[in-house]
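Notes for the structure review
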Amino acid sequence: QVQLVESGGGLVQAGGSLSLSCAASGRTFSMYAMGWFRQAPGKEREFVAGISRSGGSTYYGDSVKGRFTISRDNAKNTVYLRMNSLKPDDTAVYYCAADPTVSVLVVTTRRYEYDSWGQGTQVTVSS
C-alpha cells in the first residue's frame, strides 16, 4: 500500500475556490490511479473525481462536473483537486485514495477498488 496525506482544506464562502493536495509515499506513485472521495455528515462516502496512472484519463462525479479539476504530478508524487464555484453542498471531509490498477488509462469510481486512503481534510463552504 501507499501512504497518503491530504492538505489544503478549510473554510470558504459559497462561490469561492479551494485547492486540495494529496502527497503519496512508500510505493511508486505512478503505479496507482488516484481518486478523491468525500463524506458529509450522515451520508455515504461518494466518488468526486479520479485520474488514471498516466494522467491521460479523468472522470468526475455528476455533482462536480465543470467545477472541479483533478490533476497529478508523478514527479512530485502528488495528486491535486482544484475546486471552483463551491457550494454549501460541497461541505464534507475529502479523502484521496489510491487504486493499484494495472491499466495506465483506467479510472474507477468504485470505492472497493481503492486500497489506500488518506486521513481526510475538512472542506466547509458557508452560504
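As shown above, the structure is provided for reference.
Notes on the structure in this doc start here.

Observations concerning unusual backbone geometry
- With a phi angle near 55°, Asn77 is a residue other than glycine that sits in the positive phi range.
- Within the element layout of this structure, Asn77 appears in the loop between β7 (68-73) and β8 (78-83).
- For Ser85, which is not a glycine, the phi torsion comes out positive at approximately 50°.
- Its place among the elements puts Ser85 in the loop between β8 and β9 (92-99).
- When its relative accessible area of 40% is taken as the criterion, Ser85 is described as partly exposed.

Concerning the state of the cysteines
- Evaluated as defined, the whole model comprises one disulfide.
- Between the sulfur atoms of Cys22 and its disulfide partner Cys96 the distance amounts to 1.9 Å. Between Cys22 and Cys96, the S-S torsion sits near 40°, and that sign places the bridge as right-handed. With Cys22 in strand β3 (residues 18-25) and Cys96 in strand β9, this pair connects stretches of sequence that are 74 residues apart.

Parameters and conventions
- Residues numbered from 1 in each chain as written.
- Predicted model: local features only at pLDDT ≥ 70, side-chain atom pairs only at ≥ 80, totals over all residues.
- Heavy atoms only, no water.
- Helix = DSSP H or I, 4+ residues; strand = E, 2+ residues; numbered from the N terminus.
- Buried < 20%, exposed > 50% of the residue type's maximum accessible area, 1.4 Å probe, protein only.
- Disulfide = S-S within 2.5 Å.

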